[in-house]
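Given next are the chains, with one letter for each unit.
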Amino acid sequence: MSTSDQSSNSKDAQSSLVHIFIIFLKLGLTSFGGPIAHLAYFREEFVTKRRWLTEHAYADLVALCQFLPGPASSQVGIAIGLSRGGIAGAFASWLGFTLPSFIALVMFAGLLTHVSGLSGGPWLHGLKVVAVAVVAQAIWGMSKTLCPDARRATLAVISAMIVACAPGLYSQLGVIILSGIVGCLWLKHHHRLPHQPMQVPISKASGVIILSVFLLLLLLIPVMNDGYDSHLLAMFDGYFRAGSLVFGGGHVVLPLLQAETVSQGWVSNDLFLAGYGAAQAVPGPLFTFAGYLGAVSNAEPNGLLGGAVALAAIFLPAFLLVLGALPLWESIRQYPAIQHAMLGINAAVVGLLIAAFYNPVWTSAILSSQDFGLALLAFLMLIFWKLPPWLVVMIGAIAATLLASAL
């Protein structure tokens, strides 16, 4: 290969990574509403707009990340970046999606601590209302593809009813597993899913090694922490375990973080609650709250370095799990029995979205007739006017602020 060809390939690779980073940076700046809304934003960007994934492949990926501990929406983003740009692409997608909220929390946490009511302003409520429309749009689109017949629609509705009546991690995992079994038995005469293999530049053997490294770190870091008097190691241990042992992500990680920081005296309870309020006001993954806690820690490292250490520690398990599990998953999902199971699981994913649409998305956002009207308008702009989500987010925040000042 000539020097000019090598230079051209290098520029193409750099351009691709920059492209991935910019796409996820835009999502990181505009994806308000929590993990369920994030998945809706991702679907709009990568299934509807860019067609990087089919509806079925995206639902498969969401189902896999629901099984893995850690932040599910971030893991979906990491997997998409991995398929487009290898391990560097996975890092670029995570960095783009995570950087805006991390910077905002580190810069503004002190301000939010001292200015009461800023994190609960009407503009923030407007963002929650827009999230209602975003999730509704995702359910609207996914149901047409994943639940096109009576059996799968029934499975989706039953899944939603179970999870709505018995919310929690175990009911969600139970519904996914049972839906897979139902798919094997009840949907075996349906057409199998059209398989669109993701480009995973990691071998199955490497995947096993990566998963082994994850388990080794999970076991060894606490032992090392007991043997050395190092706040840096104690921080890494606490945040790594929080990222490794929490299923469902988002708000589920908060009790663990509180135990690791407030209970050990690293962060006061007032600062913890102030940071939690700030985390509600920024887009992107809630796991970046760990960056805030590392920054305000009363023991060194703190500040920007402490925040970066906490952020790296809590997200490292997500990286290792996705990079290890995805190549194995790509092999397993090609079998006919797994294909039929995925028909049921994909319908269940729609049901989980429906349940989450009711609680917490709807119940926390639609508090008045004005909220209902604003959500309908946002839905109209997304579905029929085809406005980009970032513009609808801005309109929702401004409209909610104007409504609050007029009433």
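Look above for the structure.
Rules behind the numbers
- Along each chain, residues carry numbers from 1 onward, in the same order as the chain's sequence is written.
- Note on the predicted model: pLDDT of at least 70 is required for a residue's local features to be given, and 80 or more for side-chain atom pairs to be given and counted; whole-chain, interface and lining totals, by contrast, use all residues.
- Side-chain measures were taken over the full set of non-hydrogen atoms in the model, leaving aside hydrogen atoms and water.
- Numbered from the N terminus, helices here are DSSP runs of H or I no shorter than four residues, and strands are runs of E no shorter than two.
- Note on contacts: a residue pair is in contact if any heavy atoms of the two residues lie within 4.5 Å.
- Surface exposure here means Shrake-Rupley accessible area, sampled with a 1.4 Å probe, where a residue is shielded only by the protein chains that are shown.
- What is meant by a nonpolar core is a set of buried Ala, Val, Leu, Ile, Met, Phe, Trp, Tyr and Cys residues, joined one to another through side-chain atoms within 4.5 Å.
- Type-normalised accessible area, obtained with a 1.4 Å probe on protein chains alone, sets the label of each residue: buried when under 20%, exposed when over 50%, and partly exposed for intermediate values.
- Lines fitted to C-alpha atoms define the axes here, with helix axes fitted over just the stretch in contact, and angles between the N-to-C directions of these axes take values from 0 to 180 degrees.
- The scheme is simple: roughly parallel for angles under 35 degrees, roughly antiparallel for over 145, roughly perpendicular for 65 to 115, oblique for anything else.
- Only Asp, Glu, Lys and Arg are considered charged, only Ala, Val, Leu, Ile, Met, Phe, Trp, Tyr, Cys and Pro nonpolar, and every remaining residue, Gly among them, polar.
- Under the convention used throughout, the expected extent of a helix is 1.5 Å for every residue step, that is, one less than its residue count.
- At every residue, the bend is computed as the angle between two fitted axes, covering the seven residues ending there and the seven beginning there respectively.
- Relevant arc is that of directions from the helix axis to the C-beta atoms, nothing else.
- Left-handed is the label given to a crossing in which the near helix is rotated counterclockwise from the far helix by less than a right angle, and right-handed is the label when the rotation is clockwise.
- Geometry of aromatic contacts follows a simple scheme: Phe, Tyr and Trp rings, the Trp one being its six-membered ring, pair when their centres are within 6.5 Å, and the pair is stacked under 30 degrees between planes, edge-to-face over 60, tilted otherwise.
- Look at NZ for Lys and CZ for Arg. If either is within 6 Å of the ring centre and within 35 degrees of the ring normal, a charge sits over the ring.
- Each patch groups residues whose relative accessible area exceeds 30% and which form no salt bridge, using 9 Å between like charges and 5 Å between nonpolar side chains of Val, Leu, Ile, Met, Phe, Trp and Tyr.
- What counts as a salt bridge is simple: a side-chain nitrogen of Lys or Arg found within 4 Å of a carboxyl oxygen of Asp or Glu.

## Here we look at the overall build of the chain
Next, step 1: Along its length, the chain carries 16 helices and zero strands.
Next, step 2: Of the contacts formed within the chain by residues at least 6 apart in sequence, a portion of 76% connects residues at least 24 apart.
Next, step 3: Of the roughly 18000 Å² that the chain leaves accessible, carbon and sulfur atoms contribute 69%.

## Things to note about the nonpolar core
Next, step 1: L61, V76, Y239, L257, I314 and L326 are the most contacted members of the largest nonpolar core, which has 124 residues in total.
Next, step 2: Here this core gets 15 residues from one element, more than from any other, and that element is helix α13 (residues 303-332).
Next, step 3: The contact partners of L326, leaving out residues within four places of it in the chain, are L61, L64, A79, L82, M198 and V200.

## Focus: unusual backbone geometry
Backbone geometry follows two general trends: most residues other than glycine have a negative phi, and most peptide bonds adopt the trans configuration.
Next, step 1: Along the chain, E300 connects to P301 via a cis peptide bond; the corresponding omega equals 5°.
Next, step 2: As for its placement among the helices and strands, P301 is situated in the loop between α12 (289-295) and α13.
Next, step 3: Its identity as a non-glycine residue notwithstanding, R51 has a phi of 55°, on the positive side.
Next, step 4: Looking at the secondary structure, you find R51 in the loop between α2 (35-49) and α3 (55-67).

## Digging into the packing of α3 against helix α5 (residues 122-146)
Next, step 1: Interhelical geometry of α3 versus α5 gives an angle of 110° and a closest axis separation of 10 Å. Judged by the angle between their axes, α3 and α5 are roughly perpendicular. Every residue of α5 that contacts α3 at E55, H56 and A59 is listed here: G141, M142, T145 and L146.
Next, step 2: Looking at the contact of α3 with α5, its residues break down into three nonpolar, three polar and one charged.

## Quick word on helix α14 (residues 336-365)
Next, step 1: For α14, spanning 30 residues, the distance from its first C-alpha to its last is 42 Å, which sits close to the expected 44 Å at 1.5 Å a residue.
Next, step 2: Helix geometry: α14 is bent most strongly at F357, by close to 35°, with proline P360 lying one to four residues after it.

## Notes on helix α16 (residues 389-406)
Next, step 1: Spanning 18 residues, α16 covers 25 Å between terminal C-alpha atoms, matching the ideal 26 Å at 1.5 Å per step.
Next, step 2: Taken together, the buried positions of α16 are V392, V393, G396, A397 and A400. In a view along the axis of α16, the buried residues occupy a sector of 135°, so they form one face of it. Residues L402, S405 and A406 are exposed on α16 and point more than 90 degrees away from its buried face.

## Some words on the side chain of T98
Next, step 1: Within the fold, T98 resides in helix α4 (residues 72-114).
Next, step 2: Setting aside residues no more than four positions away along its own chain, T98 makes contact with P285, T288, L311 and F315.

## Considering the packing of helix α6 (residues 150-165) against α14
The angle between the axes and the distance between the axes are what describe a pair of packed helices.
Next, step 1: At a closest axis distance of 7 Å, the pairing of α6 and α14 adopts a crossing angle of 45°. What the angle tells us is that α6 and α14 run oblique. The two elements α6 and α14 cross, and the hand of that crossing is right-handed. Each of R152, L155, A156, S159, A160, V163 and A164 in α6 lies in contact with α14, whose residues at this interface are L343, G344, A347, A348, V350, G351, L352, I354 and A355.
Next, step 2: A per-class count over the contact of α6 with α14 returns twelve nonpolar, three polar and one charged.

## Notes on the packing of aromatic side chains
For any pair of aromatic rings, the description rests on two quantities: the centre-to-centre distance and the angle between the ring planes.
Next, step 1: Applying the stated criterion across every chain, the model contains 16 aromatic pairs.
Next, step 2: Where F272 meets F289, the ring centres are 5.1 Å apart and the plane angle is 70°; that geometry is what we call edge-to-face. With F272 in helix α11 (residues 269-280) and F289 in helix α12, this pair connects stretches of sequence that are 17 residues apart. For the pair F272 and F289, a shared accessibility class is recorded, and that class is buried.
Next, step 3: Here F289 and Y292 contribute two aromatic rings whose centre-to-centre distance is 5.8 Å and whose plane-to-plane angle is 15°, an arrangement assigned as stacked. Taken as a pair, F289 and Y292 lie in helix α12 at a separation of three residues, close to a single helical turn. For the residue pair F289 and Y292, the accessibility class agrees, reading buried in each case.
Next, step 4: Cation over ring: R84 sits above W52, and NZ or CZ is 4.2 Å from the ring centre.

## Focus: a nonpolar patch on the surface
Next, step 1: A surface patch of nonpolar side chains, amounting to about 590 Å² of accessible area, comprises F67, I177, L178, I181, L185 and W186.
Next, step 2: Per element, the largest residue contribution to the nonpolar patch is five residues, and it comes from helix α7 (residues 169-186).
Next, step 3: If you trace the backbone, F67 turns up in helix α3.

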